[in-house]
Amino acid sequence: MNRDLRKRGSGLALLPFLLFIVIYLGAGLLLQAKGEEMAFYQFPSVTAMFIAVLAAFCMGKESINEKFSIFARGAANENVLTMLMIYILAGAFSTVAKAMGGVDSTVNLGLSIIPVHFLAAGVFVISAFMGTATGTSMGTITTIVPIVVGVADKSGLSIPLLLGACVGGAMFGDNLSMISDTTIAATRTQGCELRDKFRVNFFIALPAALITIVVLLLVGRPETAASMGDLSFSIVKVLPYVAVLALALVGVNVFLTLTIGIFSAGIIGMIGGELTVFTFAQAIWNGFTGMSEIFFLALFCGGLSEMIAHNGGIVWLIEKLRGMMHGNKSAQVGIAALVSLADCATANNTVAIIVSGTVARDMSREYKVDPRCTASLLDVFSCVFQGVIPYGAQLLTAATLTTLNYNIPMSPVEIVPYMWYCWILAAFGLLSIFIPYADGVCRKDPWNWEYDVAESGAAEKKARLEKSE
């Protein structure tokens, strides 16, 4: 996104987003305290976000047309549009696969192979592997959640717990993968190599993952599992899921992967008699419309984050954090806080890293924080908060797919307490600041600060000369 970080900061710019949080979470918590069923569905999240957007339009001195141009720039950002396309394609694949009987066959196959008591830990490991191999948490979630929910519903396991395991594993991969957008953004903004950031990041993420697996093995074991009943399945109906998983793992474009999944499921359904050309077309359309809530929420959120940045909200956060830094350790804490707040404001971890990356690099130079550690902190804490904010794409998608596939009402807020990996990752991220056990590569190959600053100065000088010409 085009964000002018030279604009004067303003804390008031954050009010629309705070308004959304107060309305969405406040209404849900209030109604839940009163014992209302489906408390977090009584006030739609899209309506709360729409009110926040209206509040943003009431701020600033620009004309309505100018404000709408700013909003449109954020809503039409490439990252936002990419997410929107993934949402509707994922919805279509899930709906078509369900209509031809793929969900039931896949669930029954899984229950026939994996012991129920190991499902929670197994889901985390599978999601972590796929997320690391593909570099996308969204692709992992949209592929695995429909299967996970069916397994949980049939085995007697907690659905929010298994969703938390799935999303947690996906965030592990998003954080650590060499081909993840967040990894690429973090290393590019800090000017370090992918492999060096991976080495630092690995010793933060791996202990958190291992502890999460132990927790899931202990807590994720149901005292009594429901009777499995008939576990018959058709291996042919499982093939679309296998195809999507395989294509994602070998690095095929996510749009092409989901499109192949949609049509392979449709063709199998028509050959088996479960679908006709017309019901196949209807299933695709129902899948598109079933993702309408998350579609509109992401659209509004993209435009709102651009308006907040334009009005100086992000700059204000940066200015406040800069005033709290007095040394190397506090600078690292400040960098972690900066990207965390940026993610809470934008609900997109890649965008949060891009927005805060330049300032984080300046802080690293000023307080001599190794750029490889800075890149790791940016990636770690952006993934931590992206995994726990209930209005983030990951939890919204998991909750939406649960409702879409199984008609089980699910709020993202219900999943947050089970995001154990993200909470544990945050603890290890902070521990790595005060006890730098993870930066062995940095001690082995110290950063050349004089060269780094000289190179930066030369680049800035060259840019100024080119601009003046």
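Everything numeric here is computed off the predicted structure, so don't read it as measured data.

1. A word on the overall build of the protein chain
At step 1: Per the secondary structure count, the protein chain includes 23 helices and 0 strands.
At step 2: In the form shown here, the protein chain has an accessible surface area of approximately 20100 Å², with 66% of it arising from carbon and sulfur atoms.

2. Some details on the pattern of salt bridges
At step 1: Under the criterion given, the structure shown has 5 salt bridges.
At step 2: Arg73 is the salt-bridge partner of Glu306, the closest N and O atoms lying 3.2 Å from each other. Separated by 233 residues along the polypeptide, Glu306 in helix α14 (residues 292-310) and Arg73 in helix α3 (residues 64-75) bring together distant segments of the chain.
At step 3: In this structure, the salt-bridge partner of Asp370 is Arg372, at a minimum N-O distance of 2.7 Å. Pair check on accessibility: Asp370 and Arg372 agree, each one buried.

3. Looking at the packing of aromatic side chains
At step 1: A complete count under the given rule lists 11 aromatic pairs for this structure.
At step 2: Both rings, one in Phe50 and one in Phe300, keep their centres 6.0 Å apart while their planes meet at 35 degrees; by these two values the pair is tilted. A residue pair is termed long-range when its members are at least 10 positions apart, and Phe50 in helix α2 (residues 45-57) and Phe300 in helix α14 qualify at 250 residues.
At step 3: Judged by relative accessible area, which is 39%, Phe50 ranks as partly exposed.

4. A short note on the confidence of the model for the protein chain
At step 1: On average, residues of the protein chain score 81 in pLDDT, and 84% of them are at 70 or above.
At step 2: Mean pLDDT values over the elements of the protein chain span from 53, in helix α23 (residues 449-468), up to 94, in helix α21 (residues 420-434).
At step 3: Segment residues 1-6 is flagged for pLDDT under 50; beyond a separation of four residues in sequence, or across chains, it makes 21 contacts in the model.

5. Some thoughts on the packing of α3 against α14
At step 1: At a closest axis distance of 7 Å, the pairing of α3 and α14 adopts a crossing angle of 125 degrees. One way to sum up the angle between α3 and α14 is to call them oblique. At the point where α3 passes α14, the crossing takes the right-handed sense. Counting all contacts with α3, which are made through Lys67, Ile70, Phe71, Arg73, Gly74 and Ala75, the residues of α14 involved are Leu299, Phe300, Gly302, Gly303, Leu304, Glu306, Met307 and His310.
At step 2: Among the residues forming the contact of α3 with α14, the class breakdown is 7 nonpolar, 4 polar and 3 charged.

6. Quick notes on the state of the cysteines
At step 1: Using the criterion set out here, one finds 0 disulfides in the structure.
At step 2: The thiol sulfur of Cys422 is not disulfide-bonded, and the nearest other cysteine sulfur, from Cys383, lies at 7.8 Å.
At step 3: Accessibility expressed as a relative area gives 1% for Cys422, which makes it buried.

7. A few points about α2
At step 1: With 13 residues, α2 extends 19 Å from end C-alpha to end C-alpha; this agrees with the ideal 18 Å at 1.5 Å per step.
At step 2: Buried within α2 are the following residues: Ser45, Val46, Ala48, Met49, Ala52, Val53, Ala56 and Phe57.

8. A closer look at a nonpolar patch on the surface
At step 1: A cluster of nonpolar side chains, contributed by Ile113, Ile114, Phe118, Ile126 and Leu217, occupies part of the molecular surface with about 430 Å² of accessible area.
At step 2: Secondary-structure assignment places Ile126 in helix α6 (residues 119-134).

9. As for the side chain of Thr95
At step 1: Note on placement: Thr95 falls in helix α4 (residues 78-99).
At step 2: Judged by its relative accessible area of 17%, Thr95 falls in the buried class.
At step 3: When near neighbours in sequence (up to four residues on either side) are disregarded, Thr95 contacts Ala283, Asn286, Gly287 and Leu404.

10. Notes on the side chain of Glu306
At step 1: Taking relative accessible area as the criterion, Glu306 reaches 1% and is therefore assigned buried.
At step 2: For Glu306, the side chain forms a polar contact with the side chain of Arg73, separated by 3.2 Å.

11. Structural notes on unusual backbone geometry
At step 1: Of note, Lys368 is a non-glycine position whose phi angle comes to about 55 degrees, a positive value.
At step 2: Mapped onto the fold, Lys368 is located in the loop between α17 (349-367) and α18 (371-386).

12. Considering the environment of Asn311
At step 1: Tracing the sequence through the fold places Asn311 in the loop between α14 and α15 (313-322).
At step 2: Classification of Asn311 by relative accessible area gives buried; the value is 17%.
At step 3: As a C-alpha pair, Asn311 and Gly11 span 300 residues in sequence and 9.1 Å in three-dimensional space.

13. Re helix α9 (residues 181-190)
At step 1: Within the span of α9, buried status applies to Thr182, Thr183, Ala185, Ala186, Thr187 and Gln190.
At step 2: Count one or two residues on from α9 and you reach Gly191, which has phi positive near 70 degrees.

Parameters and conventions
Residues numbered from 1 in each chain as written. Predicted model: local features only at pLDDT ≥ 70, side-chain atom pairs only at ≥ 80, totals over all residues. Heavy atoms only, no water. Helix = DSSP H or I, 4+ residues; strand = E, 2+ residues; numbered from the N terminus. Areas by Shrake-Rupley, 256 points an atom, 1.4 Å probe, with all protein chains shown as cover. Salt bridge = Lys/Arg side-chain N within 4 Å of Asp/Glu carboxyl O. Buried < 20%, exposed > 50% of the residue type's maximum accessible area, 1.4 Å probe, protein only. Phe/Tyr/Trp six-rings, centres within 6.5 Å; stacked < 30°, edge-to-face > 60°. pLDDT = per-residue confidence, 0-100. Contact = heavy atoms within 4.5 Å. Axes fitted to C-alpha atoms, helices over the stretch in contact; angles between N-to-C directions. Parallel < 35°, antiparallel > 145°, perpendicular 65-115°, else oblique. Left-handed = near helix turned anticlockwise from the far one by under 90°. Nonpolar A, V, L, I, M, F, W, Y, C, P; charged D, E, K, R; others polar. Disulfide = S-S within 2.5 Å. Expected span 1.5 Å × (residues − 1). Patch = residues over 30% accessible without salt bridge, like charges linked within 9 Å, V, L, I, M, F, W, Y side chains within 5 Å. Polar contact = N/O pair within 3.5 Å; in protein donor to acceptor, adjacent residues only side chain to side chain.

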